[in-house]
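The primary structure of each chain is shown beneath.
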Amino acid sequence: MTKSLFDSFDEVSAKQWKQKIQFDLKGADYNEALIYKSLEGIDIKPFYHKEDLSEIDSPVSNPTKWRNSIKIEVSNSFTGNKKALEAIQKGAESIFFVVQTEDIDPNDLLQNITSEIPVFIETDFFSASYIASINTIAKTNTLNIHLLIDIINNLASTGNWFHNAKKDHQYLGEICKYTSLKSIVSIDMSLYQNAGATMTQQLAYTLAHANEYLNHFEDKDHNPFKRNKIIFKVAVGGNYFFEIAKLRALRILWQVLASEYKVINECHIIAYPSHRNKTILDYNVNMLRTTTECMSTILGGADTIYNLPYDDIYHLENDFGTRISLNQLLILKNESYLDLVENPASGSYYIESLTHQLAEKSLVLFKNIEKGGGFLSQLKSGNIQRKIKESAQKEQELFDNENIILTGSNKYRNTAEVIPEFQKSVFPGKKVRKTLLEPVIKRRLSEFIEKNIQ
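Worth saying up front: this structure is predicted, and the values here are computed from it rather than measured.

This next bit is on the overall build of the protein chain. Along the backbone of the protein chain there are 16 helices and ten strands. Relative to the 2.2 N^0.38 estimate, which gives 22 Å for 454 residues, the radius of gyration of the protein chain is 23 Å and therefore close to what a compact globule would have. Across its three principal directions, the C-alpha atoms of the protein chain cover 70 × 60 × 55 Å. In the protein chain, buried positions account for 51% of the 454 residues. For the protein chain, contacts bridging at least 24 residues in sequence account for 79% of all contacts bridging at least 6. For the protein chain, the centre of its 52 positive side-chain charges and the centre of its 56 negative side-chain charges are spaced 3 Å apart.

Written out as structure tokens, the structure is:
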């Protein structure tokens, strides 16, 4: 048997490495010169050693494969169905439908889609009768349909329930009694990321968000968490290694919480690139951003991944943008072979350390939220919104001072650039409406710069 090359070298401890680094610094302070302090409160060291893993004993269980998906916003059932079938022919392995209105016929929307293709359905409205019709179609045609219902996210993002608290929970309970769909309750973690929350906050708020549902269903016979995996919908930003660690930490945290309630401790993660760092300036750079962000989702262990078209923030859905976004995923799977290694981040000293520090810090924050009355109580008091605003402002200041760089936006900008024509509201104004509470507002980092050059 060939002798390992590593046997020829003496083992070097972390202490020895640090001493060598301090010697090479020639008097400069190690902590000041080489320790990076992240927004998450995690100090990033210049090197990591196997000693950093000495107290880590809870491995992350990642899926062995992921499915490429495509998101389709459905305003017409026949058009939505056509787009789905075309996407499947082009390599999409699952479909994510966002149904915009209740008059869209699910029979027409799901026509000719087979049970081999997982279908995720999210609605912009909440109708028990509409969901009942989807359930009937799924049973009749043995389709692989996952429903994404998150009434708390609607409250957090709009300031109002779909109907009211009592009716929303009543409808949710009724649906859980009769449905045979693969999944029912989901947690939209992407809201917190797109609003500027730190990763520690994103994870803690998501856990507290999920805990509200667990508490509600704990003593009920139709507890969906005892027969279905929960779905987490996660937005991923440009902090490459941290985002890998965030997805892995989410699985650890869910396992901890689920075990307390004795429900299914596995989860299904749907991940996609964030809007927060996307720009209308030098907009083609968005393709590079979404590529690395999709890599983070893959290495972090997402189950389902859909990409964001490079022009998504200012253009309506179009064939070119959609084709490029799907092709990026196909290249990562079929040409970069990122699906050939199971749990690729496992064993990385840096990523393992980040994963468990994020999990630990998030768990502490989660416990503080519960001591303060729980997620809904903290949301109604405005504490969640205030904390997210504070974090978003810190990140914005880093961006404004070019400590966070978006190429083509706050640095290396093309002064002769022609701003693209907007087909969407790029700078959404304030909506004057009566709300139960202050909503969590999504913001992009480059909005202020973009407004000033209009």
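Time to look at the sheet that holds strand β6 (residues 145-148). Strand order in this open sheet of eight strands is β6-β5-β4-β3-β10-β9-β8-β7, and the pairing throughout is parallel. Looking at strand neighbours, the two that pair on one side only are β6 and β7 (186-188), the edges of this open sheet. Across this sheet, the average inter-strand angle for adjacent strands is 25 degrees, counted without regard to direction. Of the strand pairs in this sheet, strand β4 (residues 94-99) and strand β5 (residues 119-123) are connected by five bridges, and their pairing is parallel. Within β5, the position partnered with Phe97 by the bridge is Ile121.

Cut-offs applied
- Residues numbered from 1 in each chain as written.
- Predicted model: local features only at pLDDT ≥ 70, side-chain atom pairs only at ≥ 80, totals over all residues.
- Heavy atoms only, no water.
- Helix = DSSP H or I, 4+ residues; strand = E, 2+ residues; numbered from the N terminus.
- Rg over C-alpha atoms; globule rule 2.2 N^0.38 Å.
- Buried < 20%, exposed > 50% of the residue type's maximum accessible area, 1.4 Å probe, protein only.
- Contact = heavy atoms within 4.5 Å.
- Lys, Arg positive; Asp, Glu negative; His and termini not counted.
- Charge placed at Lys NZ, Arg CZ, Asp CG, Glu CD.
- Pairing = 2+ DSSP bridges.
- Axes fitted to C-alpha atoms, helices over the stretch in contact; angles between N-to-C directions.

By themselves, these observations are geometric and do not establish any function.
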